[in-house]
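Here are the chains, one letter per residue:
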Amino acid sequence: MSIEKRVEATAKNIEGKVQEAVAEITGNPEDKTTGQAKQVEAEVIHTKENIKDQVKEVIE
């Protein structure tokens with residue numbers, strides 16, 4: 001498990017949520033899409049780290 005990767009993913013998720021919320025207020029669809037994309041990217045990183053953890057458990 002890479003704590004650094006998980007922290008990075010959590011930060012990216014928060015950044016995406018904030019960007020999406022601001023876009024809702026300003027009405028900027030491009031920023032909303034970018035914010036959502038950051039959240040998806042964060043989910044991918046978390047999933048990847050979870051898979052790594054599961055593989056390590058099986059190997060050990």
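Just so it is clear, the structure is predicted and the values come from calculations on it, not from any experiment.

K.L.:
I'm lost on the overall build of the protein in this one. Help?
P.N.:
Scanning the protein for helices and strands turns up two helices and zero strands. Here the protein has a C-alpha radius of gyration of 15 Å; the compact-globule value for 60 residues is 10 Å, and the former is much larger. The C-alpha extent of the protein, read off along each of the three principal axes, is 50 × 15 × 10 Å. Residues counted as buried form 25% of the 60 residues belonging to the protein. Considering only contacts in the protein between residues 6 or more positions apart, those separated by 24 or more positions represent 56%. A total of about 4400 Å² of accessible surface is found on the protein, and carbon and sulfur atoms cover 59% of it.

K.L.:
Even after reading the chapter, I still don't get the UniProt feature "domain: CsbD-like" (unreviewed entry) in the protein, so can you show me in this structure?
P.N.:
In this structure's numbering, the residues bearing the UniProt feature "domain: CsbD-like" (unreviewed entry) are residues 6-57. Here residues 6-57 is 96% helix and 0% strand, with 18 Å between the C-alpha atoms at its ends.

K.L.:
Explanation requested: the UniProt feature "coiled-coil region" (unreviewed entry) in the protein in the structure shown.
P.N.:
The positions UniProt marks with the feature "coiled-coil region" (unreviewed entry) are residues 4-57. Helix makes up 96% of residues 4-57 and strand 0%. Its end C-alpha atoms lie 19 Å apart.

K.L.:
Would you explain the environment of Val-44 in this entry?
P.N.:
Checked against the element boundaries, Val-44 lands in helix H2 (residues 29-59). Val-44 sits in the exposed class, given a relative accessible area of 52%. The spacing of Val-44 and Ala-9 is 35 residues in sequence and 8.5 Å in space, taken between C-alpha atoms.

K.L.:
Would you take a moment to explain helix H1 (residues 3-26) for this structure?
P.N.:
Residues that lie three or four places apart on an α-helix share one face, since the helix turns once every 3.6 residues. In a regular helix each residue adds 1.5 Å, so 24 residues correspond to 34 Å; H1 covers 34 Å between its end C-alpha atoms and thus fits that length. Looking at H1, one finds that the buried residues are Arg-6, Ala-9, Lys-12, Gly-16, Gln-19, Glu-20 and Ala-23. Packed against the buried residues of H1 are H2. Looking at the residues trailing H1, positive phi occurs at Gly-27, about 80 degrees.

K.L.:
Mind showing me how you'd approach the pattern of salt bridges here?
P.N.:
A side chain with one charge may pair with a side chain of the opposite charge, provided their charged atoms come close. What the rule picks out here adds up to five salt bridges. The closest approach of N and O atoms between Asp-53 and Arg-6, which form a salt bridge, is 2.7 Å. Of the two residues, Asp-53 sits in helix H2 while Arg-6 sits in helix H1, which places them 47 residues apart along the sequence. The burial state of Asp-53 is the same as that of Arg-6; both residues are buried. For Lys-12, the salt bridge is made with Glu-41, and the minimal N-O distance between the two is 3.9 Å. In this pair, Lys-12 is assigned in helix H1 and Glu-41 in helix H2, connecting sequence segments 29 residues apart.

What counts as what
Residues numbered from 1 in each chain as written. Predicted model: local features only at pLDDT ≥ 70, side-chain atom pairs only at ≥ 80, totals over all residues. Heavy atoms only, no water. Helix = DSSP H or I, 4+ residues; strand = E, 2+ residues; numbered from the N terminus. Rg over C-alpha atoms; globule rule 2.2 N^0.38 Å. Buried < 20%, exposed > 50% of the residue type's maximum accessible area, 1.4 Å probe, protein only. Contact = heavy atoms within 4.5 Å. Areas by Shrake-Rupley, 256 points an atom, 1.4 Å probe, with all protein chains shown as cover. UniProt positions renumbered as here; feature names shortened; annotations may be inferred. Expected span 1.5 Å × (residues − 1). Salt bridge = Lys/Arg side-chain N within 4 Å of Asp/Glu carboxyl O.

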